[in-house]
Amino acid sequence: MPSVKISASVLNSNLAELGKEAAKISENGVEYVHYDVMDGEFVENITYGSSIQKSLLPYTSAKMDTHLMVMHPGRQIKLFADAGSDIITFHVESDCEPSSLIDEIHALGVKAGVAVKPGTPAEAVFPYIEKADMILVMTVEPGYGGQGFIHAMTDKIRLIRAEADRLGKDIDIQVDGGINTETAKLVKEAGANVLVAGTFLFKAENMKTAADSMR
Ligand code: DX5
Ligand code: ZN
């Protein structure tokens, strides 16, 4: 399994001070800024787009981990590549042809991730394991931070890790939603290695200690 990395979701941080919040992520040794993009269609909420991501780059040395919860991800990838995304993840349930979208993201020099909602079976992402750089298993329903971890998702992580092993691919498996010290342990045991946390890291007194407790 690849090494454990942490991605801090700014969704529930102080959005009026997003530059400072992004700075805090790299200052505390956290590898990624997890940037949740919502369009009011794929999910009801609306967050922030590529221009705000671009404006954050001078504030942080963490890499940008973009999670597109949008119905038409194909329209966004060039914008986010230009805005400094290191990885762009889109949903298999969105309106797209995943295999060609992965190619388009790669052609822009960016890593590609494929995300799967809690109600979608693991098999839906199997065809993309060989081509993608990361599979994101949602451990809550996409839309909001601060929700409870769905325990049944550990089986899905196991199935995806087993399929990746079968294919001989050392892929990153990311989990997102309700991750803290306790649930981090469960998802790592199941085969996940990129852990997204929003509420847990931003509510912690010491972000570095909190992040280290998840590793
Ligand atoms: C939910 C988002 C998550 C969310 C995680 O739709 O994709 O990234 O911010 O937040 P917590 O860690 O609070 O569950
Ligand atoms: Zn997310």
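Residues numbered from 1 in each chain as written. Chains lettered and ligands numbered in written order. Predicted model: local features only at pLDDT ≥ 70, side-chain atom pairs only at ≥ 80, totals over all residues. Heavy atoms only, no water.

(A) Fine view of the overall build of the protein chain. Summing up its helical and strand segments, the protein chain has eight helices and eight strands in all. For 215 residues, the compact-globule estimate of 2.2 N^0.38 gives 17 Å, and the C-alpha radius of gyration of the protein chain, at 16 Å, lies within 12% of that figure. Taking the principal axes of the C-alpha coordinates as reference, the protein chain spans close to 40 × 35 × 30 Å. Scored against the burial criterion, the 215 residues of the protein chain give a buried share of 53%. If you take every contact in the protein chain between residues at least 6 apart in sequence, the share linking residues at least 24 apart comes to 65%. Taken as a whole, the protein chain presents about 9,000 Å² of accessible surface, with 50% of it coming from carbon and sulfur. With 20 positive and 30 negative side-chain charges, the protein chain shows a separation of 4 Å between the mean positions of the two kinds. (Helix = DSSP H or I, 4+ residues; strand = E, 2+ residues; numbered from the N terminus. Rg over C-alpha atoms; globule rule 2.2 N^0.38 Å. Buried < 20%, exposed > 50% of the residue type's maximum accessible area, 1.4 Å probe, protein only. Contact = heavy atoms within 4.5 Å. Areas by Shrake-Rupley, 256 points an atom, 1.4 Å probe, with all protein chains shown as cover. Lys, Arg positive; Asp, Glu negative; His and termini not counted. Charge placed at Lys NZ, Arg CZ, Asp CG, Glu CD.)

(B) Representation of the packing of aromatic side chains within the structure. Following the criterion strictly, the structure yields two aromatic pairs and no others. Between Y35 and Y48, the ring centres sit 4.5 Å apart and the planes meet at 35 degrees, which makes this aromatic pair tilted. Linking Y35 in strand β2 (residues 32-38) with Y48 in the loop between β2 and α2 (50-56), this pair joins segments that are 13 residues apart in sequence. Side by side, Y35 and Y48 carry an identical accessibility label, which is buried. Through a chain of ring-to-ring contacts, the aromatic side chains of Y35, Y48 and F80 assemble into a single cluster. Note that K117 overlies the ring of F42, its terminal NZ or CZ placed 5.1 Å from the centroid. (Phe/Tyr/Trp six-rings, centres within 6.5 Å; stacked < 30°, edge-to-face > 60°. Lys NZ or Arg CZ within 6 Å of the ring centre and 35° of its normal.)

(C) Structural view of the packing of helix α5 (residues 153-167) against helix α6 (residues 181-190). In the contact formed by α5 and α6, the axes pass within 8 Å of each other and the chain directions differ by 30 degrees. With respect to each other, α5 and α6 are oriented roughly parallel. Judged by the twist between their axes, the crossing of α5 over α6 is right-handed. Here T154, I157, R158 and R161 of α5 lie close against α6, whose contacting residues are L186, V187 and A190. Within the contact of α5 with α6, the residues separate by chemical class into four nonpolar, one polar and two charged. (Axes fitted to C-alpha atoms, helices over the stretch in contact; angles between N-to-C directions. Parallel < 35°, antiparallel > 145°, perpendicular 65-115°, else oblique. Left-handed = near helix turned anticlockwise from the far one by under 90°. Nonpolar A, V, L, I, M, F, W, Y, C, P; charged D, E, K, R; others polar.)

(D) View of the coordination of the zinc ion (ligand 2). On the protein side, the zinc ion (ligand 2) has H34 (NE2), D36 (OD), H67 (ND1) and D176 (OD) as donor atoms, found 2.0 to 2.3 Å from it. In the primary structure, the donors to the zinc ion (ligand 2) are separated according to the pattern H-x1-D-x30-H-x108-D. For H34, a relative accessible area of 0% gives the class buried. Its relative accessible area of 3% is what places D36 among the buried residues. (Donors = N, O, S within 2.8 Å, 3.2 Å for Na, K, Ca; no water.)

(E) Representation of the layout of surface pockets in the model. Taken as a whole, the largest pocket spans an internal volume of roughly 270 Å³. Every residue lining the largest pocket is counted, 24 residues in all, and those nearest its centre are G145, G146, D176, G177 and G178. Listing elements by their share of the lining of the largest pocket, those giving two or more residues are β2, β3 (63-69), β8 (194-197) and α7 (199-203). Of the residues in the lining of the largest pocket, the class split is eleven nonpolar, eleven polar and two charged. (1 Å grid on protein atoms, 1.4 Å probe; cavity = no way out; pocket = protein on both sides within 12 Å on 5 of 7 lines; lining within 4 Å. Points joined across faces, edges and corners; volume = space filled by probe spheres on them.)

(F) Summary view of the nonpolar core. Formed by 62 residues in total, the largest nonpolar core has its most connected members in I25, V114, I160 and L201. In this view, I25 contacts A8, V10, V30, Y32, V33, A62, F202 and M207; residues no more than four positions away in its chain are not counted. (Core = buried A, V, L, I, M, F, W, Y, C linked by side-chain atoms within 4.5 Å.)

(G) Spatial organisation of α5. Its 15 residues give α5 an end-to-end C-alpha distance of 21 Å, which sits within 8% of 21 Å, the value for a rise of 1.5 Å per residue. Those residues of α5 not exposed but buried are M153, T154, K156, I157, I160, R161, E163 and A164. The inward-facing, buried residues of α5 abut β5 (111-116), β6 (134-138), β7 (172-176) and α6. (Expected span 1.5 Å × (residues − 1).)

(H) A look at the site of ligand 1. Close contacts around ligand 1 come from 20 residues, with D36, G143, D176, G198 and T199 the closest. Between ligand 1 and G143 there is a distance of 2.8 Å, counted from an oxygen atom to a backbone nitrogen or oxygen. With respect to ligand 1, the side chain of D176 contributes an N or O atom lying 2.6 Å from an oxygen atom. Here ligand 1 occupies the largest pocket. Contributions of two or more residues to the shell around ligand 1 are made by β2, β3 and β8. (Near = heavy atom within 4 Å. Polar contact = N/O pair within 3.5 Å; in protein donor to acceptor, adjacent residues only side chain to side chain. Sits in = over half its atoms within 2 Å of the grid points.)

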